[in-house]
Amino acid sequence: MVRPALIVHGGAGSRPTELSAAQCAGCTAAVEAGWQILRRGGGAVDAVCAAVVSLENDAAFNAGRGSCLTSAGTVEMDASVMDGLTLRAGAAAVVRGVPNPVRLARAIMDAGRHLMFAGPEAEQLAPVLGIETCPPQALVTERQQQLWRQHASRAGDTSINPATGGHAAGTVGAVAVDSQGHVAAATSTGGVFFKLPGRVGDSAVIGAGTYADDALGAASATGLGEAIIRTVLAYRVVEMLRDGRDPAAAARMGIQALTQRTGATGGIIAVDPLGRVGYAASTPQMTLGYMRADLREAVIQL
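Residues numbered from 1 in each chain as written. Predicted model: local features only at pLDDT ≥ 70, side-chain atom pairs only at ≥ 80, totals over all residues. Heavy atoms only, no water.

**Student:** Can you explain the overall build of the protein? Please cite residues and give values.
**Tutor:** On a plain count of helices and strands, the protein comes out with eight helices and twelve strands. Since a compact globule built from 302 residues should have a radius of gyration of about 19 Å, the 17 Å found for the protein is in line with a globular shape. Considering only C-alpha atoms, the protein reaches an extent of 55 × 40 × 35 Å along its principal axes. Here the protein, with 302 residues, has 57% of them falling under the buried criterion. Excluding contacts between residues fewer than 6 apart, the proportion of contacts in the protein whose partners are at least 24 apart in sequence is 68%. For the protein, the exposed area adds up to about 11,600 Å²; of that, 52% sits on carbon and sulfur atoms. Across the protein, the centroid of the 24 positively charged side chains sits 3 Å from that of the 25 negatively charged ones. (Helix = DSSP H or I, 4+ residues; strand = E, 2+ residues; numbered from the N terminus. Rg over C-alpha atoms; globule rule 2.2 N^0.38 Å. Buried < 20%, exposed > 50% of the residue type's maximum accessible area, 1.4 Å probe, protein only. Contact = heavy atoms within 4.5 Å. Areas by Shrake-Rupley, 256 points an atom, 1.4 Å probe, with all protein chains shown as cover. Lys, Arg positive; Asp, Glu negative; His and termini not counted. Charge placed at Lys NZ, Arg CZ, Asp CG, Glu CD.)

**Student:** Go over the packing of helix 1 (residues 20–39) against helix 2 (residues 44–56) with me, naming the residues and quoting the values.
**Tutor:** Each pair of packed helices can be described by the angle between their axes along with the distance between the axes. Helix 2 packs onto helix 1 with a crossing angle of 155 degrees between their chain directions and a minimal axis gap of 8 Å. For the element pair helix 1 / helix 2, the angle class is roughly antiparallel. For the crossing formed where helix 1 meets helix 2, the hand is right-handed. Residues Gly 26, Cys 27, Ala 29, Ala 30, Ala 33, Gly 34, Ile 37 and Leu 38 of helix 1 touch helix 2, and the partners they reach there are Ala 44, Asp 46, Ala 47, Ala 50, Ala 51, Ser 54 and Leu 55. Here the residues of the contact of helix 1 with helix 2 sort into eleven nonpolar, three polar and one charged. (Axes fitted to C-alpha atoms, helices over the stretch in contact; angles between N-to-C directions. Parallel < 35°, antiparallel > 145°, perpendicular 65-115°, else oblique. Left-handed = near helix turned anticlockwise from the far one by under 90°. Nonpolar A, V, L, I, M, F, W, Y, C, P; charged D, E, K, R; others polar.)

**Student:** Describe the environment of Ala 60, and please don't skip the residues or the numbers.
**Tutor:** With respect to the helices and strands, Ala 60 occurs in the loop between helix 2 and strand 2 (77–83). Considering only alpha carbons, one finds Ala 60 and Ala 22, 38 residues apart in sequence, at a separation of 6.3 Å. Setting aside anything within four residues of it in sequence, one finds Ala 60 in contact with Leu 19, Ala 22 and Gln 23.

**Student:** Before we move on, can you summarise the pairing of strand 7 (residues 210–213) with the specific residues and values?
**Tutor:** Of the two faces of strand 7, the one carrying Thr 210 and Ala 212 and the one carrying Tyr 211 and Asp 213 are both buried. Direction of pairing for strand 7 relative to strand 8 (residues 217–223): antiparallel, over a ladder of four bridges. The residue bridging Asp 213 from the neighbouring strand is Gly 217, located in strand 8. (Pairing = 2+ DSSP bridges.)

**Student:** Break down the environment of Gly 43 for me, citing the residues and quoting the values.
**Tutor:** Its place among the elements puts Gly 43 in the loop between helix 1 and helix 2. The exposure class assigned to Gly 43 is partly exposed, which follows from its relative accessible area of 25%. Residues Gly 43 and Gln 137, spaced 94 residues apart in sequence, show a C-alpha to C-alpha distance of 34 Å. Once residues within four sequence positions are removed from consideration, Gly 43 is found in contact with Ile 37, Leu 38 and Asp 178.

**Student:** Give a detailed account of the sheet that holds strand 8, specifying residues and quantitative values.
**Tutor:** Either a parallel or an antiparallel arrangement is found when strands of a sheet pair, and the pairing is made through backbone hydrogen bonds. In spatial order, the strands read 7-8-9-10; together these four strands make up an open sheet with antiparallel pairing. Strand pairing shows two members of the sheet lacking a second neighbour, strand 7 and strand 10 (277–281), which therefore form its edges. Neighbour to neighbour, the strand axes of the sheet diverge by 10 degrees on average, direction disregarded. The sheet contact formed by strand 9 (residues 266–271) and strand 10 spans five bridges and is antiparallel. Considered in strand 10, the bridge of Gly 267 is made with Ala 281. Its contacts with the sheet place helix 8 (residues 247–262) against strand 9 and strand 10, and it is angled at close to 25 degrees to strand 10.

**Student:** Can you break down the sheet that holds strand 5 (residues 172–177) residue by residue, with the values?
**Tutor:** Strands sit in the order 4-3-2-6-5-1-11-12 across an open sheet of eight strands; the sheet is mixed. The open sheet is flanked by strand 4 (116–118) and strand 12 (299–301), the only strands paired with a single partner. The average undirected angle you get between the axes of adjacent strands in this sheet is 5 degrees. Alignment of strand 11 (residues 285–292) against strand 12, held across three bridges, turns out to be antiparallel. Paired with Tyr 290 across the strands is Val 299, a residue of strand 12. Strands in contact with helix 2 are strand 1 (5–13), strand 2, strand 5 and strand 6 (183–189); relative to strand 5, the strand with the most contacts, it is inclined by about 160 degrees. The sheet strands contacting helix 3 (residues 101–111) are strand 2, strand 3 (89–95), strand 4 and strand 6, and the helix crosses strand 3 at an angle near 135 degrees.

Here is the structure:
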């Protein structure tokens, strides 16, 4: 038996960029943040949240500070968390002044009454649940402002095709199994570059961007949210683990289905209760890192 295990992703991208080295370093830090919890016997939910918080705090990623900007030049973020033991979940969508949306999603899950909050009401709930807030502008980086100005200057061009090249890495996420065999998943994103305000992607949608079930495994997706929602990608990949299929094979099959049915690109990471990890992407690169009980050090790759 090989467990615990943890795998994180920093988003599926169209090509390596000047941020690639920083993203590899960020994934290394995220794996370490989650693995510290697992190796001490901590739970999978705590581990995936710690890993995603680390990625949200790193401006090299499209989550938290450093998120892509909407067509209005603002940051709007989505995040979700799911506990495979109880099937409890929490999600926050279209939040602006919350530096760590995954913490808000976790607090919503722990509160227990509701599963998802969105917009200003989600932001107002954050301090009630003990979650840090900040001025929305504090999450806007100079790099993202420059990219926004370059795109906005194109007369009459108010859209971008994320399948053929956005301006930042995509969604970040983590999945894990702890020493007790419990699984969890967490996902966070700034969304699609130059999206219309109010748009919600897959990262806040349980079953699409995030899913976890102790009986099967856990998955976190990245890519074009509209296509991932339509294919219920995370749930689809987790369900493929039902017959004992290796997570690597399930991830490949899920991404193949995404491409065949929608024509979109994306990526996904997965783990099963045994501690086997898997990942697949139809983009040229997807930054990721993983650690298992049988490894001496984490594996990090573009």
